[in-house]
Every structure is written in C-alpha cells, then in structure tokens.
Amino acid sequence: MWFNTYTFGVFLAVVFGAYWVLPPRARTFFLLAASYVFYCWKTPVYGLLLAASTVLDYSCGLGMERTQRPHARRLILLASLLGNLGLLGFFKYIDFFGSNLAGIGQWLGFQTTWTAYDFLLPAGISFYTFQTLSYTLQVYRRQISACRDPVSFALYVAYFPQLVAGPIEHAGHLLPQLQKTRSFDGDNVAAGAGRILLGLFRKMVVADRLAIFVDRVFAHPGEYSTASWWIALCAFAMQVYFDFAGYSDIAIGSARLFGVRITENFRRPLMARSVADFWDRWHLTLTGWLRENVYFPMGGSRRGPGRTVFNIWVLFLLCGLWHGASWNFVLWGAYF
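Residues numbered from 1 in each chain as written. Predicted model: local features only at pLDDT ≥ 70, side-chain atom pairs only at ≥ 80, totals over all residues. Heavy atoms only, no water.

Asks: Lay out the overall build of the chain with the relevant residues and their values.
Replies: Assigned secondary structure in the chain consists of 13 helices and 0 strands. Shown N-terminal to C-terminal, the secondary structure of the chain runs as helices and strands in the order α-α-α-α-α-α-α-α-α-α-α-α-α. Computed over C-alpha atoms, the radius of gyration of the chain comes to 21 Å, within 12% of the 20 Å expected from 2.2 N^0.38 for 336 residues, which places it in the range of a compact globule. Expressed along its principal axes, the backbone C-alpha trace of the chain runs to roughly 60 × 50 × 45 Å. Going through the 336 residues of the chain one by one, you find that 46% of them count as buried. The contacts in the chain between residues at least 6 apart in sequence include a share of 67% that link residues at least 24 apart. Carbon and sulfur atoms make up 66% of the accessible area of the chain, which amounts to about 17300 Å² in all. One finds the centroid of the 28 positive side-chain charges in the chain at a distance of 9 Å from the centroid of its 17 negative side-chain charges. (Helix = DSSP H or I, 4+ residues; strand = E, 2+ residues; numbered from the N terminus. Rg over C-alpha atoms; globule rule 2.2 N^0.38 Å. Buried < 20%, exposed > 50% of the residue type's maximum accessible area, 1.4 Å probe, protein only. Contact = heavy atoms within 4.5 Å. Areas by Shrake-Rupley, 256 points an atom, 1.4 Å probe, with all protein chains shown as cover. Lys, Arg positive; Asp, Glu negative; His and termini not counted. Charge placed at Lys NZ, Arg CZ, Asp CG, Glu CD.)

Asks: Would you mind going over the packing of helix H3 (residues 47-66) against helix H5 (residues 125-140) in detail, with residue names and values included?
Replies: Viewed as axis vectors pointing N to C, H3 and H5 meet at an angle of 5 degrees, and their least axial separation amounts to 9 Å. By the criterion of interaxial angle, the relationship of H3 to H5 is roughly parallel. In this structure, H3 uses Leu49, Leu50, Ser53, Asp57, Cys60, Gly61 and Met64 to contact H5, whose residues at the interface are Tyr128, Thr132, Leu133, Tyr135, Thr136, Val139 and Tyr140. Broken down by class, the residue content of the contact of H3 with H5 amounts to 9 nonpolar, 4 polar and 1 charged. (Axes fitted to C-alpha atoms, helices over the stretch in contact; angles between N-to-C directions. Parallel < 35°, antiparallel > 145°, perpendicular 65-115°, else oblique. Nonpolar A, V, L, I, M, F, W, Y, C, P; charged D, E, K, R; others polar.)

Asks: For unusual backbone geometry, give the residues involved together with the corresponding values.
Replies: With omega at 0 degrees, the peptide bond leading from Gly166 into Pro167 counts as cis. Relative to the helices and strands, Pro167 resides in the loop between helix H6 (150-158) and helix H7 (171-179). Backbone geometry places Arg142, a non-glycine residue, at a positive phi of 65 degrees. Tracing the backbone through its elements, the reader meets Arg142 in the loop between H5 and H6. Despite not being glycine, Arg268 has its phi angle at roughly 50 degrees, a positive value. Structurally, Arg268 can be placed in the loop between helix H9 (226-257) and helix H10 (275-279).

Asks: An account of the packing of aromatic side chains is requested, with residue identities and associated values reported.
Replies: What the rule picks out here adds up to 49 aromatic pairs. Centre to centre, the rings of Tyr19 and Phe258 are 5.2 Å apart; their planes meet at 90 degrees, and the pair counts as edge-to-face. A residue pair is termed long-range when its members are at least 10 positions apart, and Tyr19 in helix H1 (residues 6-21) and Phe258 in the loop between H9 and H10 qualify at 239 residues. The burial state of Tyr19 is the same as that of Phe258; both residues are buried. Residue placement shows Arg27 over the ring face of Tyr19; its charged tip is 5.5 Å from the ring centre. Over the face of the ring belonging to Trp322 we find Lys92, whose NZ or CZ atom lies 5.5 Å from the ring centre. (Phe/Tyr/Trp six-rings, centres within 6.5 Å; stacked < 30°, edge-to-face > 60°. Lys NZ or Arg CZ within 6 Å of the ring centre and 35° of its normal.)

Asks: How would you sum up the packing of H6 against H7? Please name residues and give values.
Replies: Following both chains from N to C, one finds H6 and H7 inclined at 125 degrees, their axes separated by 9 Å at the closest point. In terms of their interaxial angle, H6 and H7 are classed as oblique. Taken as a pair, H6 and H7 cross one another with a handedness that is right-handed. On H7, the residues touching Ser152, Phe153, Leu155 and Tyr156 of H6 are Ala171, Leu174, Leu175, Leu178 and Gln179. Partitioning the contact of H6 with H7 into residue classes produces 7 nonpolar, 2 polar and no charged. (Left-handed = near helix turned anticlockwise from the far one by under 90°.)

Asks: Can you break down a nonpolar patch on the surface residue by residue, with the values?
Replies: Taken together, Leu101, Ile104, Trp107, Leu108 and Phe110 make up a surface patch of nonpolar side chains, about 660 Å² in accessible area. One can find Ile104 in helix H4 (residues 70-107). A residue is classified by how much of its surface remains accessible, and Ile104, at 46% relative accessible area, is partly exposed. (Patch = residues over 30% accessible without salt bridge, like charges linked within 9 Å, V, L, I, M, F, W, Y side chains within 5 Å. Salt bridge = Lys/Arg side-chain N within 4 Å of Asp/Glu carboxyl O.)

Asks: Help me get a handle on helix H12 (residues 305-323), residues and values and all.
Replies: The first and last C-alpha atoms of H12 sit 27 Å apart over 19 residues, in line with the 27 Å expected at 1.5 Å per residue. Listing the buried residues of H12 in full gives Thr308, Asn311, Leu315, Phe316, Cys319, Gly320, Leu321 and Trp322. Summarising the contacts, the buried residues of H12 are in contact with H4, H5, H10, helix H11 (284-295) and helix H13 (327-335). (Expected span 1.5 Å × (residues − 1).)

Asks: So what about the side chain of Arg182? Which residues, and what values?
Replies: Examined against the element boundaries, Arg182 turns out to sit in the loop between H7 and helix H8 (186-219). One buried charged residue, Arg182, remains without a salt bridge, the closest side chain of opposite sign being Asp149 at 11 Å. One polar contact links Arg182 to Tyr19, side chain to side chain, over a distance of 2.5 Å. A distance of 3.3 Å separates a polar side-chain atom of Arg182 from the backbone oxygen of Lys180. (Polar contact = N/O pair within 3.5 Å; in protein donor to acceptor, adjacent residues only side chain to side chain.)

Asks: Break down the nonpolar core for me, citing the residues and quoting the values.
Replies: Residues Phe8, Phe38, Tyr135, Tyr156, Phe160 and Phe258 are the most contacted members of the largest nonpolar core, which totals 86 residues. At 10 residues, H9 tops the list of elements feeding residues into this core. Residues in contact with Phe8, not counting those within four places in the same chain, are Met1, Trp2, Phe3, Phe38, Phe160, Ile250 and Ser254. (Core = buried A, V, L, I, M, F, W, Y, C linked by side-chain atoms within 4.5 Å.)

Here it is as structure tokens:
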C-alpha cells in the first residue's frame, strides 16, 4: 500500500478513528494488526518474512540479556546478523552476485550460466532489516534492555508509517514510545495532518510533475539538446529528493496522529555546500545507522588517515549497494 493513494487515505482514516476509540490495552494489538494489513495488502506471503525477522530478533534480544558470557552473546548476535542479512541478500542481491560470478567464470573460460530468480522484492525489506538489526546491536552493546513484550516489539518492527520507506528508527527511540500509554492530543493531530499534506504536495505536485519531463528526456535522449539534458539531470536530482522527502513527511505525519514522534530524515540537503555537508543532511537515519554500525566498529577516523579513507570507502560502497543491486549504485557509492 503506497502513501499517495486513496486506499491509504481511507486506511489511515479508519485506523486513526478506531485507535482512539479503543481502550488503551487494545491499541497496541490493533496497531500491530493494522500494520500487517498495510504491509500484506498486495503480497500477503511477504508478511511471513517480516514475522520471521521479528521472531528471530525478539528471541536474540532475550538470549543476549539472559547470558553474561561474551562468546555466547557474540554467537547470538551472529545468528541475528546472518538471519536478517541472509534474507535481505537472498531476495535483493542473489541475482546481482550470481550473474556477475557467472560473467567472471565466462571471462575465465568456463561455461558458467546463471538463471535469474527474478523475485518480486519484498517492500521495505532494506528498511525493516536495518531497523530490527538496530535493536539487536543495541542490546548487544548494552545500550538498551531487551524488550520482553512480544507485541510491542512486533509493532516496533512493523509500525506501518515508516515500514516501507523509513526513516530507520533506533529501538531506544521508538520502542519506549510504542510501549507508553498515549492520550489523544489535538496539537499532535493538527501537526500530523499538516505534515501529511506537505508530504503529498512534495510527492505528487513537485516530484511526480518533474518526473514527466525527466522520464521523457531520459527515454529519448537523441530528441533533446545538451541544455535540455542538463536541465533534466538537475530536475532528476530534485525529483529524487522531493519524492523521498515527501514520503518521509507522510510517515512522520502519520505517526504523529497516534502520538508517536519518529526521526527527521532530511535537513535541506540540496543546500549542502560540500559532499560531507550533503551526507550530514541527506537520509540522516541511514547515514547514522551506517556510521554507528559499520564505520565506528571498523575504527572510524581513529587509526590514521589511510585507514580512515579505507573505512569511508567501504562505508559508501555498502551505502551504494543498499540502495540497489546493480553496478550503477556501486559506482554511485564509489563516487561519493
């Protein structure tokens, strides 16, 4: 279910009305059920993947909290990493790596082939994989306690406003809000509705209108001048920003309707003055996740300039691959 559809508008109105009518004890169950309806609307079977990640990391969190042995804790964390990244890798990257390995084999003189699986990529799998891993990593580092309420934890993983396109939430920020009993607040509703309208404007009025021109130029390059190409490239950059920022606005506004504040994801990135400044403004929850869970564990900038450059290189290659399983995304990451 996509945010810019009448279906989502009706869904959100029904869920919002029912949520505040229900007694507080029933609200978490209801919101969890609504989140699975949202996620399974088009492809119900992929709800099983979401449930599998939830069960895996809920169990791993409890397991790490119940043992003080470092070796056992590392093994449990490894199970979480392998399980989650294994699912992500299988559905998103298996054809990319398989076809490239087959190509290398042919280049070396072997008769290698690869039959593509052509999976329909589960919606939001990159986002909820990183979000649920954030929980196990924080429990492993003893930054938060393991969640003992399976329903609240399942809602943390599946919370529909930010399930399919982020922002990627920290468990320490989102989980306590979902576990707390919230009261109806007219100011929250007004702020949330305003943010949703801003997001719809950015997505449907700005991004989708720019896409008409951009798609036409990209589809028939020979029919346009060099100046048109440059305009289309700049318009494409703005299209990507307003599309993604608009979705984030709708997510933030939808969550606010239920009294939940999720993290801002953009800070005027098109006004950045340098590449470093851009990444301090663009997709803040992804860059924050990669910084905390990849860059810092590798040593960050503490091991000399050579190692710092290497760490940044690895970070952005992974960032490129996270965005898409193709060489253009790898080169995009290498460029940054």
